[in-house]
Amino acid sequence: MKTYLCIDLKTFFASVECVERGLDPFKTDLVVADPDRNNGTICLAITPKMKERGIHNRCRLFEVPKDIKYIIAKPRMNLYIKYSCKIYSIYLKYVSKEDIFVYSIDECFLDITSYLKLYKKTPIELAKTIIKDVYESTGITATAGIGTNLYLTKIALDITAKHVDSHIGYLDEKLYKETLWDHTPLTDFWQIGRGISEHLNKLGLHTMRDISNCNEDILYKEFGINAELLIDHANGKEDVTIKEIKQYKPKNNSLSNSQILFKDYNYQDARKVLIEMIDNLVLILVSKHLYTDNIGFYIGYSNDETSPTVYSHKLKNNTNSFSEIIDNILPYYDSLVKYYPIRRIGITFGNTKDKDNFQESLFSKDYKDDTKLEETMLNIKKKFGKNSILRAVSYTEGANQRERNKLVGGHNAE
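Draft legend 1. The overall build of the chain, seen in detail. Check the secondary structure of the chain and you find 17 helices and 14 strands. Its C-alpha atoms give the chain principal-axis dimensions of roughly 65 × 55 × 45 Å. Counting all 414 residues of the chain, 46% fall into the buried class. A separation of at least 24 residues holds for 65% of the contacts in the chain among residues at least 6 apart in sequence. If you sum the accessible surface of the chain, you get close to 22600 Å²; carbon and sulfur atoms cover 50% of it. Computing the positive centroid from 58 side-chain charges and the negative centroid from 56, the chain places the two 4 Å apart.

Below, the structure is given as structure tokens:
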């Protein structure tokens, strides 16, 4: 039987900021947010102390009660990455990299099955040892979940660990049914969001026990192939292993990029940003020697009641040419996008593949010089930085690529 460990770095960004200031995150009111944007900016993290006050994580600055005196820490993404890498190196002291799956910057799954005998420790003892090492080395507090499969491990972390003094939860299928089969709300469970939960509720299903006892034909009718995952998880089952995750190769590949703009953009300025995003994604295609024959964009408006504009187009040939892709996107942007304030932009290149996996069209326009230009731009950027060479559009008013190149994950890099 497998034994997995999932470690979560508690309120990671906020904890790093507290450590850097010599403060205790459990006694300090601090939020990680960029005050230079506006009062409606989302807090990337808040300290446990603020959570005790009933303030929700990912709240907006204006939602923090006015009577609370708190520190606003501007995001420093490179610093958080540095801490995350250091903590990953601590995991490597105990477990081989083949047995680690990085789920996010602050969460990792570890297959500890073969290490329990080596260290002569129980799963909880090994978890405590690693967590202690993380704290003593970095000052960051962690919680953990232990389970007999990846799903139970995640649930042990997300739910069970919150109700035990050690903050280390443990679940097997038997314990899962005994302790969490009647747990509510369903949104506490991994991979059940608000939409799925509401759908289940309309069917009269409010707990994992309800889902397990439901007629499977009903679930397949309502959720299609996703019903299989719901049924397995309702019974605490999950067959996928870390090894299988690492070996998985999708049949279809795609590249995408999206932005939530810092303010409302008009039609013309959003068009500039779209061009910049296409340029970025084309450079990724070229750097990976990939081509696409399926392109699309998404435009979301500031007024949520206005339906977004969504467009996709199948090309006649495979390409990684900026000019060719622009020629097949901008006319549709110009004809389809509404003249409303724009807040979200997304771009997607689907069905990406290398040259060995498709036959070049004999009738397509020759864009070889275009590709050579992009390769030259890539080499310059690698040597001198992202802002060393840009298309002219990035120097016009309303474009934002120069500023975004200074960010990491859309946030201050520092």
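There is more to say after this.
Draft legend 2. Expanded view of the packing of aromatic side chains. Following the criterion strictly, the structure yields 17 aromatic pairs and no others. Aromatic ring contacts, followed pair by pair, group Phe101, Tyr103, Phe109, Tyr151, Tyr176, Phe189 and Trp190 into a single cluster.

Draft legend 3. The arrangement of the sheet that holds strand S9 (residues 255-265) in detail. Spatially, the four strands line up as an open sheet ordered S9-S12-S10-S11, and their pairing is antiparallel. The two strands at the open ends of the sheet, each matched to only one other strand, are S9 and strand S11 (309-319). Neighbour to neighbour, the strand axes of the sheet diverge by 15 degrees on average, direction disregarded. Here eight bridges tie strand S10 (residues 292-301) to strand S12 (residues 342-350), and the two strands are oriented antiparallel to one another. Residue pairing in the sheet places Tyr298 in a bridge with Gly346 of S12.

Draft legend 4. Representation of the pattern of salt bridges within the structure. Scanning the model with the defined rule gives 18 salt bridges in all. Its salt-bridge partner being Lys93, residue Asp133 comes within 2.7 Å of it at the nearest N-O pair. Note that Asp133 is positioned in helix H5 (residues 123-138) and Lys93 in the loop between helix H3 (77-91) and strand S5 (100-104), a separation of 40 residues in sequence. With a relative accessible area of 11%, Asp133 lands in the buried category. A residue is classified by how much of its surface remains accessible, and Lys93, at 53% relative accessible area, is exposed. Where Arg391 meets Glu374, a salt bridge forms, and the shortest distance between an N and an O atom there is 3.9 Å. Residue Arg391 is found in the loop between helix H16 (368-384) and helix H17 (401-404), and its partner Glu374 is found in helix H16; the two are separated by 17 residues along the sequence. Using a relative accessible area of 17% as the deciding quantity, one classes Arg391 as buried. A relative accessible area of 0% means that Glu374 is categorised as buried. Three or more residues joined by partner-sharing salt bridges are found here, namely Glu17, Arg21 and Arg76.

Draft legend 5. Looking closely at the packing of helix H6 (residues 150-158) against helix H7 (residues 173-180). The contact between H6 and H7 brings their axes to 11 Å, and the two run at 40 degrees. Of the possible angle classes, the one that applies to H6 and H7 is oblique. In this structure, H6 meets H7 at a crossing whose hand is left-handed. Residues Tyr151, Leu152 and Ile155 of H6 pack against Glu173, Tyr176 and Leu180 of H7. Looking at the contact of H6 with H7, its residues break down into five nonpolar, no polar and one charged.

Draft legend 6. Focus on the nonpolar core. Leu5, Phe12, Val32, Tyr91, Leu110 and Ile130 are the most contacted members of the largest nonpolar core, which has 38 residues in total. Those elements that place two or more of their residues in this core are strand S1 (4-9), helix H1 (12-21), strand S2 (30-32), H3, strand S6 (107-111), H5 and strand S7 (142-147). Counting residues per element, this core draws most heavily on H3, which supplies seven residues. Aside from chain neighbours lying at most four places away, what touches Leu5 is Cys108, Phe109, Leu110, Ile112, Ala127, Ile130, Ala144, Gly145, Ile146 and Thr153. Counting 36 residues, the second-largest nonpolar core is a separate cluster that includes Tyr265, Tyr267, Tyr333 and Ile347.

Draft legend 7. Broad picture of H5. Over its 16 residues, H5 extends 23 Å from the first C-alpha to the last, a length consistent with the 22 Å expected when each residue adds 1.5 Å. Taken residue by residue, H5 has Leu126, Ala127, Ile130, Ile131, Asp133, Val134 and Thr138 as its buried positions. Each buried residue of H5 sits inside an arc of 155 degrees when the element is viewed along its axis, so together they form one side. In H5, the exposed positions that point more than 90 degrees away from the buried face belong to Lys132 and Glu136. Looking one or two residues past H5, Gly139 carries a phi angle of roughly 85 degrees, positive in sign.

Draft legend 8. Up close: the environment of Ser114. Mapped onto the fold, Ser114 is located in the loop between S6 and helix H4 (116-119). When the C-alpha positions of Ser114 and Lys2 are compared, they lie 8.7 Å apart, and in sequence the two are 112 residues distant.

Draft legend 9. Summary view of the environment of Pro48. By the element assignment, Pro48 lies in helix H2 (residues 48-52). It is 5.3 Å that separates the C-alpha atoms of Pro48 and Phe26, two residues lying 22 residues apart in sequence. Residues in contact with Pro48, not counting those within four places in the same chain, are Lys10, Thr11, Pro25 and Phe26.

Draft legend 10. A look at the side chain of Thr3. For Thr3, the position within the fold is in the segment before S1. With relative accessibility at 13%, the residue Thr3 sits in the buried group.

Draft legend 11. Spotlight on unusual backbone geometry. The linkage connecting Thr184 with the following residue, Pro185, adopts the cis geometry, with an omega of 0 degrees. Following the sequence through the fold, Pro185 ends up in the loop between H7 and helix H8 (194-202). At His167, a position not held by glycine, the phi torsion is positive, near 60 degrees. Mapped onto the elements, His167 comes out in the loop between H6 and strand S8 (168-171). Overall, the relative accessible area of 39% leaves His167 in the partly exposed class. With a phi close to 75 degrees, Gln191 is a non-glycine residue in the positive phi region.

Thresholds applied
Residues numbered from 1 in each chain as written. Predicted model: local features only at pLDDT ≥ 70, side-chain atom pairs only at ≥ 80, totals over all residues. Heavy atoms only, no water. Helix = DSSP H or I, 4+ residues; strand = E, 2+ residues; numbered from the N terminus. Buried < 20%, exposed > 50% of the residue type's maximum accessible area, 1.4 Å probe, protein only. Contact = heavy atoms within 4.5 Å. Areas by Shrake-Rupley, 256 points an atom, 1.4 Å probe, with all protein chains shown as cover. Lys, Arg positive; Asp, Glu negative; His and termini not counted. Charge placed at Lys NZ, Arg CZ, Asp CG, Glu CD. Phe/Tyr/Trp six-rings, centres within 6.5 Å; stacked < 30°, edge-to-face > 60°. Pairing = 2+ DSSP bridges. Axes fitted to C-alpha atoms, helices over the stretch in contact; angles between N-to-C directions. Salt bridge = Lys/Arg side-chain N within 4 Å of Asp/Glu carboxyl O. Parallel < 35°, antiparallel > 145°, perpendicular 65-115°, else oblique. Left-handed = near helix turned anticlockwise from the far one by under 90°. Nonpolar A, V, L, I, M, F, W, Y, C, P; charged D, E, K, R; others polar. Core = buried A, V, L, I, M, F, W, Y, C linked by side-chain atoms within 4.5 Å. Expected span 1.5 Å × (residues − 1). Arc of directions from axis to C-beta.

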